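# Architecture at a glance
For reference, the chains in residue letters:
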Amino acid sequence: MYGIIDCDNCYVSCERVFRPDLKDKPVVVLSNNDGCVVARSNEAKKMGIKAGTPYYQLAQLFPQQKIAVFSSNYELYGELTSRVVQIIRQEAPAYFRYSIDECFVYLKGMEHLDLKRWGERLHQRVKQSVGMPVSIGIAPNKTLAKMASYFAKRYPGYRHCCLIDSDMKRIKALQLFPIGEVWGIGHRYAARLLSMGVNTAYDFASLNESWIRATFNNIVILRTWKELNGEDCVPNEEMTKKKSICTSRSFNGMITDIGSLRTHVDNYAARCAEKLRKQGSVASIIGVFLHTNAFREDLPQYWNFQETRLTTPTSSTIEIVKTANGLLEKLYLPGYHYKKAGVIVMGVGPNSPVQPDLFDFNAEQFEKMKRLDAVIDRINKLNGTETVVLGSQQYTSKDGKGKAEIFANAIKHDFKSKNPTTRWSDIIVLK
């Protein structure tokens, strides 16, 4: 049996841990640069606030409504959800984290237990220890477990845990489940299936396997069909490590000079390197893209992408940032107003063994960079993200008095909450 533990309205729930006064009140969390709504409390959803609503429109669409607004604070969200995972580790024989707010567990050897009661107790422990509400789905495979968590989250009668452990429960769940919500069925395939009269997961599971193969020619769709019919066929290793990593954002305003662009690109490259090390991987291909604002038809438009293959795969921040810088030099053209850039690392593989370049490899330098990255990662973990960064990741701005100030992050977050669990400067003060 598999289970999935899903943090309810994750970003909002993290903000409420240190703001209990916001319970039962509408809360929204904004995207990077405070652009649009990416997370909503149940109260905000009932008001009619849609995901993707631009922040500036909230006051126009919901006048006289008091809505708590927060900038994205991934340091806080990552730390609190890590605490949830630590509890899960103690309660389940095996686990693998699927995303920031979801964690799969493998319940082998626990079939003799009352798994429904186990899930209810796990919810209670996480709520008491971390303050985060979670929903738990348990089933014979991962797709059905995701389906069970959907019901656990939406129907209070399940007491935060839904168990699918028989064919009768499976068929009933399939009949009630919209095809567009099935894990593994994207929006494009969902629209195609709806046009064919396939409205529920049960309709899809009832189709013939040979028809599925001939119509879609897609291994993910076939696996989804098999799992809905009770088989267990989604490999764990395909879910734990990403095959490519992309970090990108729209800028706060538009940028014309390469110096400011370089700061953003260096930050994105550094984050890609950190993510590689976190999952124990290295990358052999680095790519950078850059483009203008397509909505500004009054300005000249430009879009371009460049990539390069490394002679020796790496996860070194310095090497990846250096490579991204070289690509940016090739991409940049003066005279344009740039709105977005991004860094993509591809050709991702395990960090051991690494095949070095025969003619251009310095083993001593390679080990030195590994030790340096390990030390920086540890400092940033203990003292808060971006405590130590490369000099090129910082950007300089002038305050109102003409004094130069240096910042480590060029992202707008006017409504960002504090980080009382990771930064001494933000620790809660009791009066």
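Structure's up top.
First things first, this report covers the structure right here in the doc. Treat the numbers as computed from the prediction; the structure is a model and nothing was measured. (Residues numbered from 1 in each chain as written. Predicted model: local features only at pLDDT ≥ 70, side-chain atom pairs only at ≥ 80, totals over all residues. Heavy atoms only, no water.)

Our focus in this paragraph is the side chain of T292. By secondary structure assignment, the location of T292 is in strand 10 (residues 281-292). Since its relative accessible area comes to 5%, T292 is described here as buried. A distance of 3.0 Å separates the side chain of T292 from the side chain of Q301, its partner in a polar contact. A polar side-chain atom of T292 sits 3.0 Å from the main-chain amide nitrogen of Y302. Every residue in contact with T292, bar those within four places of it in the chain, is listed here: P300, Q301, Y302, Y336, H337, Y338 and K339. (Helix = DSSP H or I, 4+ residues; strand = E, 2+ residues; numbered from the N terminus. Buried < 20%, exposed > 50% of the residue type's maximum accessible area, 1.4 Å probe, protein only. Polar contact = N/O pair within 3.5 Å; in protein donor to acceptor, adjacent residues only side chain to side chain. Contact = heavy atoms within 4.5 Å.)

Empty space among the atoms can be located by rolling a probe the size of a water molecule over them. The space that makes up the second largest pocket amounts to roughly 1,500 Å³. Contributing to the lining of the second largest pocket are 46 residues, with C7, D8, N9, K45 and K153 lying nearest its centre. Among the elements that make up the lining of the second largest pocket, the one with the highest residue count is helix 6 (residues 142-154) (seven residues). Among the residues making up the lining of the second largest pocket, the classes are represented as 19 nonpolar, 10 polar and 17 charged. (1 Å grid on protein atoms, 1.4 Å probe; cavity = no way out; pocket = protein on both sides within 12 Å on 5 of 7 lines; lining within 4 Å. Points joined across faces, edges and corners; volume = space filled by probe spheres on them. Nonpolar A, V, L, I, M, F, W, Y, C, P; charged D, E, K, R; others polar.)

With 15 residues, helix 5 (residues 115-129) should cover 21 Å at 1.5 Å per step; its first-to-last C-alpha distance of 21 Å lies within 8% of that length. Close packing links the buried residues of helix 5 with strand 1 (2-7), helix 4 (74-91), strand 6 (102-106), strand 7 (134-139) and strand 8 (161-163). Two or three places before K116, at the start of helix 5, stands the capping residue D114, its side-chain oxygen 3.3 Å from that residue's backbone nitrogen. (Expected span 1.5 Å × (residues − 1).)

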